[in-house]
Amino acid sequence: MTIDRRTLLKAAGAAAFLGAMPRGVWAAGQAAAEKADYTLRIATGLVELAPEHIVSTTLYNGQFPGPLLRFKEGQRTVIDIYNNTDTPELLHPHGLIIPIDADGAAEEGSPSIPGRGMRRISFVPQPSGLRFYHTHVVAGGDLNRGAYTGQAGPIYIEPKANPGAYDREVFLVLKEFEPTFSQGGDMAMDVLAGEPLKGLQDIGKKKEEEFTGPKGYEVGYELFSINGKMLGHGEPIRVRQGERVLFHIVNASAGEIRSLALPGHRFKIVALDGNPVPTQAEAPLLWLGTAERISALVEMNHPGVWVMGDLADDDRKRGMGIVVEYAGATGEPQWVKPEPYLWDYTIFGEPGARPAEPDETLDFLIVKENGAIHGFNRWTLNGEAFSMETMQPTHTIQKGRRYRLKFRNASDDIHPLHLHRNTFELVSVHGKPTAGVLKDVVMLGGYQEVEFQFVADSPGLSLFHCHQQLHMDFGFMALFNCV
Ligand SMILES: [Cu+2]
């Protein structure tokens, strides 16, 4: 039996009848009548990054970034997702502890949103803090699919208790557009603290001798933006002297590591990936791996008109920045190149603390096979590239047990490692121990090591992958089955 709105209204009018209604029918009617908290529509649209740079891509609700979704921690929420494209889509609420049905990962068995169809998802938002949502489809060699499109938007889950030591919040979503393939190899960047390990370099070198063809494809971008506007376009962030601004920053790139500096100001990092840090350390600039989030307080105490932008001159000049303008200040926005600063997650840890001992440790060796799949690099974990054909779980883990994962990177790339449906605690980064830093993405530097751990308490399948679209699409995944 189907219940349309008319039938429901009639039923609602007949109060006496309601009590007599079979329970199941009433429950079904209630669900159909429930209004969604948010409606998202996936469709092709235009983004005006600048008057002379209007790009056509797939968007949420015809805008970039997609609308800010504000949830309340622990309060069930309903989202209707309409797919107005011809191809199936997946929407992944990133960084949430969420049922598989709503997680939007095909490898876990989440249903797709069919082309020209819709899906309703509902879940209890947790944990609190800055999260985001994005498409989770495989792009492979198609730069019009997956994270190369404009399908990303911020999520903020209001904590039950919010100390609110700030005057206002500003959300910034960093994103590149107009991707193209190149075979030149990536530019090396000084991003992370720690030295490359000789043993891992040797493994990488040996692999290079096996795969001697041209360098595998990399993706570069023509246009760069913050909140869908190239630097100099769109509204500046208008501030007053003495104001304390809490920036919520999302790196919604398909694969780039981003930096952000505001000349004359320092960032006080209060949360990483939305999770409050044990030590609110200050930094002169921020580094964010793909899909990482940072919440940072800035005290506005250096009047002027400033460029808040990426350290990479080319990327900033092609749009990766936003103007910060003090009340009463005039003139051209100023950029001052900051001193080099290497990112070190351990400064946010709890001093002197050590994480609990794990029940089990799993080791992963990451290796690149240069150009091995039709010119694309193949990525292997312990010698195996994840199969998108079979999508078989790679690890069985026991509910309630604590698992420590140790990653050794035998490639020169930085990998933003991401685990779905769980929050993990950093144990050591480039050999430096830490505790209390909770994340869902962590950058692993070239020829470096990282360890993190989590208690297996999300039953069923949880996907692990590098958040670089090009890496995850070509093997860099694992699938945990929590039983
Ligand atoms: Cu990667």
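In this text, all values refer to a predicted model and were calculated from it rather than measured experimentally.

## Brief notes about unusual backbone geometry
Both trends apply: most residues other than glycine have a negative phi, and most peptide bonds are in trans.
Phase 1: Put simply, Phe-64 and Pro-65 share a cis peptide bond, and its omega is -10°.
Phase 2: By the secondary structure assignment, Pro-65 is in the loop between β2 (53–60) and β3 (69–72).
Phase 3: Of the consecutive residues Gln-126 and Pro-127, the connecting peptide bond is found in the cis state with omega at -10°.
Phase 4: For Pro-127, the location among the structural elements is in the loop between β6 (118–123) and β7 (129–135).
Phase 5: The phi dihedral of Asn-61 is positive, around 55°, even though this residue is not glycine.
Phase 6: Looking at the secondary structure, you find Asn-61 in the loop between β2 and β3.
Phase 7: A residue is classified by how much of its surface remains accessible, and Asn-61, at 30% relative accessible area, is partly exposed.
Phase 8: In this structure, Asn-382 takes a positive phi of about 50° despite not being glycine.
Phase 9: Mapped onto the elements of the fold, Asn-382 is located in the loop between β22 (376–381) and β23 (395–397).

## Some points on the sheet that holds β23
Phase 1: Read across the open sheet, the five strands follow the order β23-β32-β31-β25-β29; overall the sheet is mixed. Of all the strands in the sheet, just β23 and β29 (441–444) have a single pairing partner and so form its edges. On average, each strand axis in the sheet is inclined to that of its neighbour by 20°, with strand direction left out of account.
Phase 2: Relative to strand β31 (residues 460–466), strand β25 (residues 415–419) is paired through three bridges, and the arrangement is antiparallel. Of the residues in β31, the one forming a bridge with Leu-417 is Cys-466.

## So, the coordination of the copper ion
Phase 1: With distances of 2.0 to 2.1 Å, the protein atoms coordinating the copper ion are His-415 (ND1), Cys-466 (SG) and His-471 (ND1).
Phase 2: Each donor residue of the copper ion belongs to the same chain, with the gaps between them written as H-x50-C-x4-H. Linking His-415 in strand β25 with His-471 in helix α7 (residues 469–472), this pair joins segments that are 56 residues apart in sequence. For the pair formed by His-415 and His-471, the shared burial category is buried.

Thresholds, definitions, all that
Residues numbered from 1 in each chain as written. Predicted model: local features only at pLDDT ≥ 70, side-chain atom pairs only at ≥ 80, totals over all residues. Heavy atoms only, no water. Helix = DSSP H or I, 4+ residues; strand = E, 2+ residues; numbered from the N terminus. Buried < 20%, exposed > 50% of the residue type's maximum accessible area, 1.4 Å probe, protein only. Pairing = 2+ DSSP bridges. Axes fitted to C-alpha atoms, helices over the stretch in contact; angles between N-to-C directions. Donors = N, O, S within 2.8 Å, 3.2 Å for Na, K, Ca; no water.

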